[in-house]
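# Notes for the structure review
Residue strings, one per chain:
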Amino acid sequence: MRIACITILLTVLVCIATSFVEKKQAPATTSLAFVVPEGWPQPVYDFSQNPLTKEGFELGRKLFYDGRLSVDGNFPCSSCHQQFAAFATYDHNLSHGVNNSLTTRNAPGLFNLAWQKEFMHDGGINHLDLQPLAPITATNEMGETLNNVLAKLRADTTYRKMFKAAFGDEDINTQKMSKALSQFLLMMVSSNSKYDKVRRGEVSFNLPERLGYDLFKKKCASCHTEPLFSDYTYRNIGVDLDSFINDVGRMRITRLSADSLKFKVPSLRNVMVTAPYLHDGRFYSTYEVFNHYRSSVVKMKNTDSLVRNGIPLSNFEIGQITAFLYTLTDSSFLHDPRFGPPQDAVVPPVMHVH
Amino acid sequence: MACIGVMQLCAQQKLNLQFVNMVGESKLNIGDSYKTSFDEPFTVRRFKYYISNIQLQDDHQQWHKVSSECFLVDAEDPASQAITVNHGLKNIKSIKFLLGVDSIKNVSGVQTGTLDPARGMFWTWNSGYIVAKLEGKSSVSKALGRYMTYDVGGYKPGENASRWIVLPLTPATKNKPLQAISIKADVLAWFKGENKILIAENAVCHEPGILAMKLADNYSHMFSILQKQ
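Thresholds applied
- Residues numbered from 1 in each chain as written.
- Chains lettered and ligands numbered in written order.
- Predicted model: local features only at pLDDT ≥ 70, side-chain atom pairs only at ≥ 80, totals over all residues.
- UniProt positions renumbered as here; feature names shortened; annotations may be inferred.
- Helix = DSSP H or I, 4+ residues; strand = E, 2+ residues; numbered from the N terminus.
- Rg over C-alpha atoms; globule rule 2.2 N^0.38 Å.
- Buried ≥ 20, exposed ≤ 12 C-beta atoms within 10 Å, placed from the backbone.
- Domains from an automatic or database assignment.
- Contact = placed C-beta atoms within 7 Å.
- Nonpolar A, V, L, I, M, F, W, Y, C, P; charged D, E, K, R; others polar.
- pLDDT = per-residue confidence, 0-100.
- Pairing = 2+ DSSP bridges.
- Axes fitted to C-alpha atoms, helices over the stretch in contact; angles between N-to-C directions.
- Parallel < 35°, antiparallel > 145°, perpendicular 65-115°, else oblique.
- Expected span 1.5 Å × (residues − 1).
- Arc of directions from axis to C-beta.

As annotated in an unreviewed UniProt entry, chain A is Cytochrome c peroxidase from Danxiaibacter flavus. The record in UniProt for chain A states the following under Subcellular location (unreviewed entry): "Periplasm".

## Examining the overall build of chain B
Counting its secondary structure elements, chain B contains two helices and 15 strands. Whereas a compact globule of 229 residues would reach a radius of gyration of roughly 17 Å, chain B reaches 18 Å, a difference of no more than 12%. Along the three orthogonal principal directions, the C-alpha set of chain B runs to about 55 × 40 × 30 Å. Relative to its full complement of 229 residues, chain B shows a buried share of 38%.

## Quick word on the UniProt feature "domain: Cytochrome c" (unreviewed entry) in chain A
Here, UniProt's "domain: Cytochrome c" (unreviewed entry) annotation points to residues 196–329 of chain A. What you have in residues 196–329 of chain A is 33% helix and 3% strand, and the ends, taken at the C-alpha atoms, are 10 Å apart.

## As for the domain arrangement of chain A
All names here are of chain A. Domain annotation of chain A identifies domain 1 (47–189) and domain 2 (194–331). Once you take the C-alpha centre of each, domain 1 and domain 2 turn out to be 27 Å apart. In this complex, domain 1 contributes 20 residues to the contact, which on the side of domain 2 involves 23 residues. The class makeup of the residues in the side of domain 1 that touches domain 2 is seven nonpolar, ten polar and three charged.

## A short note on the interface of chain B and chain A
In this complex, chain B contributes 14 residues to the contact, which on the side of chain A involves 19 residues. Within the side of chain B that touches chain A, the residues separate by chemical class into five nonpolar, eight polar and one charged.

## A look at the confidence of the model for chain B
Looking at chain B, the pLDDT average stands at 93 and 94% of residues meet or exceed 70. Counting interchain partners and residues more than four positions distant, the pLDDT-below-50 stretch residues 1–9 of chain B has four contacts.

## Considering the environment of Met121(B)
Residues and elements named next belong to chain B. The residue Met121 is located in the loop between strand S8 (94–99) and strand S9 (122–123) in this model. Given 22 C-beta atoms within a 10 Å radius, Met121 is considered buried. As for Met121 and Leu211, which are separated by 90 residues in sequence, their C-alpha atoms are 18 Å apart. When near neighbours in sequence (up to four residues on either side) are disregarded, Met121 contacts Lys48, Tyr50, Leu72, Tyr129, Ile130 and Lys133.

## Here's the deal with unusual backbone geometry
All names here are of chain A. Geometrically, the link from Glu226 to Pro227 is a cis peptide bond, its omega value of 0° lying close to zero. Structurally, Pro227 can be placed in the loop between helix H8 (207–219) and strand S3 (234–235). Put simply, Ala275 and Pro276 share a cis peptide bond, and its omega is 0°. Within the secondary structure, Pro276 sits in the loop between strand S4 (263–264) and helix H10 (286–296). A positive phi angle is found at Phe87, which is not glycine, with a value near 65°. Note on placement: Phe87 falls in the loop between helix H2 (54–64) and strand S1 (96–97). Although it is not a glycine, Leu278 adopts a positive phi angle of roughly 80°. Within the secondary structure, Leu278 sits in the loop between S4 and H10. Residue Leu278 is classed as partly exposed on the basis of its C-beta count, with 18 C-beta atoms lying within 10 Å.

## Comments concerning the pairing of strand S6 (residues 70–74) of chain B
Residues and elements named next belong to chain B. For S6, the buried fraction is high: four of the five residues fall into the buried class. Sheet topology places strand S4 (residues 41–57) next to S6; five bridges connect them, and they run antiparallel. Bridge assignment links Tyr50 to a residue of S6, and that residue is Leu72.

## Structural notes on the packing of H8(A) against helix H11 (residues 315–326) of chain A
Residues and elements named next belong to chain A. Across the interface, H8 lies against H11 with an axial gap of 7 Å and an inter-helix angle of 100°. In this view, H8 runs roughly perpendicular relative to H11, as classed from their interaxial angle. Facing Pro208, Glu209, Leu211, Gly212, Tyr213, Leu215 and Phe216 of H8, the residues of H11 in contact are Glu317, Gln320, Ile321, Thr322, Ala323 and Phe324. Looking at the contact of H8 with H11, its residues break down into eight nonpolar, three polar and two charged.

## Observations regarding helix H6 (residues 174–187) of chain A
With 14 residues, H6(A) ought to run about 20 Å at 1.5 Å a step, and its terminal C-alpha atoms sit 20 Å apart, in line with that. For H6(A), the tally of buried residues reaches 14 of 14 residues, placing the bulk of the element in the interior.

## Points about the packing of H2(A) against H6(A)
All names here are of chain A. The interhelical angle for the contact between H2 and H6, taken along N-to-C directions, is 95°, at an axis separation of 7 Å. Viewed along their axes, H2 and H6 adopt a mutual orientation that is roughly perpendicular. Residue-level contacts link Gly56, Phe57, Leu59, Gly60, Arg61, Leu63 and Phe64 of H2 to Met177, Lys179, Ala180, Leu181, Ser182, Gln183, Phe184, Leu185 and Met187 of H6.

## Here's the deal with helix H2 (residues 210–219) of chain B
Residue and element names in this part refer to chain B. Of the residues making up H2, those classed as buried are Ala212, Leu215, Ala216, Asn218 and Tyr219. The buried side chains of H2 occupy one side of the element, clustering within an arc of 160° when seen end-on. Tucked inside the fold, the buried residues of H2 contact S8, strand S10 (128–137), strand S11 (147–153), strand S12 (163–168) and strand S14 (204–205).

Now the structure itself:
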């Protein structure tokens, strides 16, 4: 009896103590649900290390659209990642950086990043949180130093408030900045295209789309695997080296000659709004890409066996596959106000960067 | 983790580690001219390296991890060259530490403190820490600006540039355990050792791989005990 009493007393005490601690320490954040679309694999991002909150997301969104992350103030992340282009760059083969510089690569679209293990066309970056550090510090992209970016953020009252709201204190460091950016990027899930609606039984393909889908499954889907439309492997698709840019792709990261000119298989979701195509944007239309596969594949030692002998495609088939590719455009994603600039954002006018 | 907790309970002694950056027998001064053992002249602008997983060995050959921190020793920052650890050992036979960073930290996103990528010891385009950095100029360098820049890192199998360092502390000091050790870090070791590094041939290392591993094998011999008390 006595022991029971003591136990109860202790429990009560512990409860009181914990409730006090919780009240004092738990930051008042609103958690955001990450919904895995039906039939999709589990994401690879470890959300336990960066729980999504409304406050973290809004901070990430502000950072994404803030030119102060670049050295001259004109190059926010959004200058190369435009929402209407599924966060790729509209009409630029190579991305533009500060001081009229050009990068060596075409900016990829940003969506469904929670399912990606590695980033960049060569997969050199092994964690989503690390990804923004590369463009911020590259002299031909945003051209800034991390310490300068952090100093600018620390000097801004609004940012101090937002970091406190998201992470519990006003201390601003690289980790918190990149976690906030990741929260914004992770929420960018594109899963509401016509293709998805067909999968969910809400609508049906028309005839060309259906014929195109059948052809797609036969001729494209081994690399552009559903439902993400990429298997995220690195492949040499028989595109020869631009000896001026001299980008050897995956080999730059692994230093293995077997990886020469291999690049990550891009997702084909939203493909019709992300032209130009390939790692260096050398093809301006999907038609040029099809033409490459049917007649211009260069046979190198490590050209992928799936495309080595070309992919036979008639003009008729190309038309049908194109009809199907249009069903991968997710217009609700392209116009989702959650992913647009925050209301008070002063985004550099597009003319500055084009 | 539990073991660290137990050790902290009985940790009563302090051991001060002082890293002394040198070039052969001379103290390293930023900007001064030195020569490698192969008579190649050079100056040093930056010299930085990570020290982690510090462990001490007792009389029974047991190793005790005395710190989970990762320290960044920087030739330009005297405060970074002094490290204090707590321990509960009666006698310290040897000291062991990792010159470098645990490989898990290379694949776990953005870290804080000395491992914050803003400290300039991280490759952003090919994720991974720079384990050690020796940068300066040399009139024999064939790189642009006559620069000599050895940024050595890599964590993947076959490219791991971190090295375990073991330094014996015998004979023991009488009656009381050691209180302070000065550890010499000799820049000259980068050029000689298993691999002969000529600045005229290789003035630049900016990625993991063969050259980084050669430099790492060399710098694994750069530490020695200068003084203990």
